[in-house]
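Inside the fold
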Amino acid sequence: MCDNDAASMEHVPPVCLFPEIKDTKGINFRKNLIKVPSCDIHNSKKSDDDEFLLFSLTGLITNNTVGKFHFYSKVNRAIRRKNKDFINKQVLRNHKYGIVKINNEEKLISIGHPDAERLAKCFEHIAHGLYYHKFGKRFIGEIFMINGFIDYKDSNQQMLKKFMKRRFELETVLNEDFQGDNPSVFYYQFHKPDEHGLIAVKMVFYGTAEVYVCFKAKEIEMPHNLTTELIGGGVKTIMTLGDEEFPFND
Ligand SMILES: [Zn+2]
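Residues numbered from 1 in each chain as written. Predicted model: local features only at pLDDT ≥ 70, side-chain atom pairs only at ≥ 80, totals over all residues. Heavy atoms only, no water.

**Focus on the nonpolar core**
Leu 17, Leu 57, Phe 123, Leu 130, Met 203, Phe 205 and Phe 215 are the most contacted members of the largest nonpolar core, which totals 46 residues. Put simply, the parts of the chain that give this core at least two residues each are β2 (34-38), α3 (47-58), α4 (65-81), α5 (84-91), α6 (116-135), β7 (186-190), β8 (199-205) and β9 (209-217). In terms of residue count, the dominant contributor to this core is α6 (seven residues). Dropping the residues within four chain positions of it, Leu 130 is found in contact with Val 12, Ile 34, Phe 186, Tyr 188, Phe 190 and Met 203. Grouped together as the second largest cluster of nonpolar side chains are 12 residues, Ile 146, Met 159, Phe 163 and Ile 231 included. (Core = buried A, V, L, I, M, F, W, Y, C linked by side-chain atoms within 4.5 Å. Buried < 20%, exposed > 50% of the residue type's maximum accessible area, 1.4 Å probe, protein only. Helix = DSSP H or I, 4+ residues; strand = E, 2+ residues; numbered from the N terminus. Contact = heavy atoms within 4.5 Å.)

Right, dumping it as structure tokens:
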């Protein structure tokens, strides 16, 4: 993340996302966790963010069994210890309860607005760590990301999310296998650099929560891009993948 000397090792993603053996009756979800060097400032100021990320991710109703299990064990214990405001003001703003039917069973759920900016900061941190782990050097440049499990109010952002999801799906077979020794908690896949040298990585938490990240190294100059300008300028623009159409400003 920075130029400071590394003083400790930090887990990528945060270790709290991985269930502990004491909760899982012996199943190990902490096999070969990734660690990268970190300065004291970046490692210590992160613990609040780690908990925020844990609450945000484990609470998703689409999660696989491991995510749900982690939520109903460790996270529920932590929530009970927490001030209620932590959920209402930090994790899910405008929080209210609702009922949904899942497999014909009525479930009580929380509904609200996630803190997308803070989530992005957490994922950027993880992306930096994965980059270091993969390439053995610090990433210097810009990181772009789209959060696949958030519904965006902005229709272009929402369309971009669908476009990215599909593009990653189509390109998956062209790249190396998914990485991560505890895939039911977390796995990821780096994509080969594109024609401009941009590198993309897909991160997946608890089987379904996807985050798409793009690394643009400092030295890369992006050519003038008509599509981006048209979309930015409010002109109706259709991007295509194969025969699928993704209309922007529609
Ligand atoms: Zn640092």
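This is not the end of the story, as more comes after the structure.
**Overview of the side chain of Thr 172**
As for its placement among the helices and strands, Thr 172 is situated in the loop between α7 (155-171) and β6 (179-182). Discounting residues that sit within four places of it in the chain, Thr 172 has contacts with Phe 178, Gln 189 and His 191.

**A closer look at a nonpolar patch on the surface**
A cluster of nonpolar side chains, namely Tyr 97, Ile 99 and Leu 108, defines an oily patch on the protein surface of about 370 Å² accessible area. Inspection of the secondary structure puts Leu 108 in strand β4 (residues 105-114). (Patch = residues over 30% accessible without salt bridge, like charges linked within 9 Å, V, L, I, M, F, W, Y side chains within 5 Å. Areas by Shrake-Rupley, 256 points an atom, 1.4 Å probe, with all protein chains shown as cover. Salt bridge = Lys/Arg side-chain N within 4 Å of Asp/Glu carboxyl O.)

**A look at α3**
With 12 residues, α3 should cover 16 Å at 1.5 Å per step; its first-to-last C-alpha distance of 16 Å lies within 8% of that length. Of all 12 residues making up α3, nine are buried, and the element is well covered by its neighbours. Elements that come into contact with the buried residues of α3 comprise α4, α5, α6, β8 and β9. (Expected span 1.5 Å × (residues − 1).)

Nothing here speaks to function; it is geometry throughout.
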